[in-house]
Structure formats: structure tokens, C-alpha cells
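# Survey of secondary and tertiary structure
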Amino acid sequence: MKKYNYIPAALLMLTLVLNSCGEANKKTVTDNSPAVAVNVSAVTENNDNPFLSTSGKTEAVKSANISTRMMGYVDKIYVQVGEKVKNGQLLLSINNADVSAKLAQVNAGITEATAAFNNAEKDYNRYTALFQENSASQKELDDITANYNISKARLEAAKQMKNEVNAQLSYANIRAPFNGVVTNKFINAGDMANPGMPLLEVEAPGKYQVLAMVPESEISGIKAETEVDVILKSLDESIKGKVTEVSTSSKNTGGQYMVKVILDKTDANILSGMYATVQFPVERKSTTKAAIMIPTEALVEKGQLTGVYTVSQSNTALLRWLRLGRTFGDKTEVLSGLSADEQYIVSAEGKLYNGAKISIQ
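## Here's the deal with the pattern of salt bridges
- If you walk through the whole model with that rule in mind, you get six salt bridges.
- One salt bridge connects E225 with K242, and the closest N-O pair in it is separated by 3.8 Å. Within this pair, whereas E225 is found in the loop between β10 (200-215) and β11 (227-232), its partner K242 is found in strand β12 (residues 237-246), the two being separated by 17 residues in sequence.
- Given a relative accessible area of 53%, E225 falls into the exposed group.
- For E245, the salt bridge identified is with K260, shortest N-O distance 3.4 Å. Here the residue E245 occupies a position in strand β12, and K260 occupies one in strand β13 (residues 256-263), the gap between them amounting to 15 residues.
- Given the relative accessible area of 39%, E245 is considered partly exposed.
- On the basis of relative accessible area, K260 is assigned to the buried category, the value being 16%.

As C-alpha cells, then:
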């Protein structure tokens, strides 16, 4: 029986031997992937332009989101996006069977009220003549007069009710408010239209404005009627403009104040939504910190986050998340995430990722 006491000890020794063999067979994994060739740049502060510049978007001065005050299914849309329309042109119709039925009832009520009024008017004229001839009493004349006034009021009420129904019908047949172009369509035939819901957007081309956002540190220097330069990079155009409105509240714009600039008439092919840079003839305050600017093309977007690849001490790519500010032409302001003289990757000849080996050109 004693020979079986050595079995646990033998199993333990066998386990230790196998583990040691496994460790001996392990190999060190090395990264043999080729380095990605990259171009880098150092962070610099922008002190070139002493004047204030802000970014914004162009939009038509005359623009309208068309909606309705009634609920119903869209029967038909008569226009397409990009189509020119004239003032009063029918754009869209909503099913109005219930309103049409109500209009028929109102017309019947007007006919009835008209007949009653005509009869009451004849009685009133007749009893007025009899009263003057002392052939009718004052009580009879008063009753006939009251009936005449009631009939007249009922006829007027019926006519006003028809005006109300006609107004409802006007909301069932949507027409262009001015000469312009259909720039957007928010609904399709067969969809349910609800009161206040935008259905179509119409703009009057030819006159455009830029809505620019100015930080609170600079808004005190912006005045109405100031002439400015507006740069449209997509068109490579610089257009003169004039400040027409300066907002006095940033409650709903995150500390930025809206400034409206009307563009001068130009032959440039301006479209709504184009990015613009507005240069105000206002010197930046000496206390204002110079902005850190990097090329917009160097930014990396992942979901709602934006960052840039920097160069680590081991010569690898390191993704750094940033908090961005305004855009000036082809450059974007960095509010936090990068410090002065730090290197970042502008372009790469391969796919970058965190830890990727890089070769600086």
C-alpha cells in the first residue's frame, strides 16, 4: 500500500517540467511592419493677421420655410427642388375633403340666412309704413325691427364663417410667397402634414448675407454699418460686405454673438450654405491670446470626436483629441490639446493608427 504514496509527488513533478518546457518555447513577438512615411509640422501661433477674422455661412436674404395650419395628407407636390417659382404659384396641396364639406354647409347656411333676411326686411319696411299711418302699434314695429336685426346679424355671421373656411382652404393649397427657387423639400406625397411643420423651403436668389459668430472678447469692437471683406474659399472670391445687425445676446449661442453681414452685389456664383471668412477692420486686442492654428486636412474625425496624430518619443503615431474653435480658410483654431512647438502629422503615405511606426520625411 505504501507504493501509492509516491503518485501525487510524481504528478507534481511532471506538471512543473511541462510548464518549464512551455516557457522555454515562448518567443518574443516583435513588430516587423514597415514604418509609415509621414510629413509633420510644428505647432505655431498665428500672429500674421492683426485684424479680427471669423467664420460663417452664406444664406439668401429672402428665405421662407413654408408650412400649414391644418392637418391632413399631402395630395400632390407640384414642384421639385431647384425649380423656379413665381409669387402665388401653387406648390403643394393637402387633402381638404372635410373643409370642402364644411364649405358646402356654410354656403347652405348663407342661402337660408339670406332668405330669412329678405323676408324680415320686407316685413320691416311694411310695418314701418303702417306705423307711420298709425295702422300698426309700437309693439308690433319693435318686434319686426328686432326680427330684422337678428336676421341681418345671422346673415353676416354666415358670411364671416365662409371667410373662415376660405382661409382654411388657403392653408390646404400652399402657394409661393414670392418669386424664388425651391431649395428644400421636407415632405412627400402621401405623408401627413401637421400644423407648423416645414413642408418646403423657398429662397429668392440674388442677394445674400453671411451669419458670423464673434467671441465675447471681440464683440465690443464690431459696429453696424462697418464695411468688411468676405472670403469665399470654394469660389476663390473676396467680396465686400456691410454689417447690418449685431446681436446683443449670446444666451443661446454658447458665448458667441451673431453678426449679420449683407454682401455687395456680385457676379460670383454664390450658393446658400457656403463657408465664408469675414475679416473685420478691427485690430485684435493686445490681451487676446494668439490662436494655435493647424491645417484642417490634418484633423481626424471619429464619431463626434476630432483629433490629430502627433509624434511620440518612440517615433510612433499618437492620436490626440482636441477641442476646436473657429475655422479660418483652410486652417482650424485649436483651443486645447496641443501645445506650442509640438509636432503633429500633416499627411501620411499609409494608414495611421495609435502606435504605428512612422518615418518622418
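The structure having been displayed, the exposition proceeds.
## Looking at the side chain of S93
- The residue S93 is located in strand β6 (residues 90-94) in this model.
- Among the residues examined, S93 registers a relative accessible area of 8% and is labelled buried.
- Within the structure, the side chain of S93 is placed 3.3 Å from the side chain of Y78, a separation counted as a polar contact.

What counts and how
- Residues numbered from 1 in each chain as written.
- Predicted model: local features only at pLDDT ≥ 70, side-chain atom pairs only at ≥ 80, totals over all residues.
- Heavy atoms only, no water.
- Salt bridge = Lys/Arg side-chain N within 4 Å of Asp/Glu carboxyl O.
- Helix = DSSP H or I, 4+ residues; strand = E, 2+ residues; numbered from the N terminus.
- Buried < 20%, exposed > 50% of the residue type's maximum accessible area, 1.4 Å probe, protein only.
- Polar contact = N/O pair within 3.5 Å; in protein donor to acceptor, adjacent residues only side chain to side chain.

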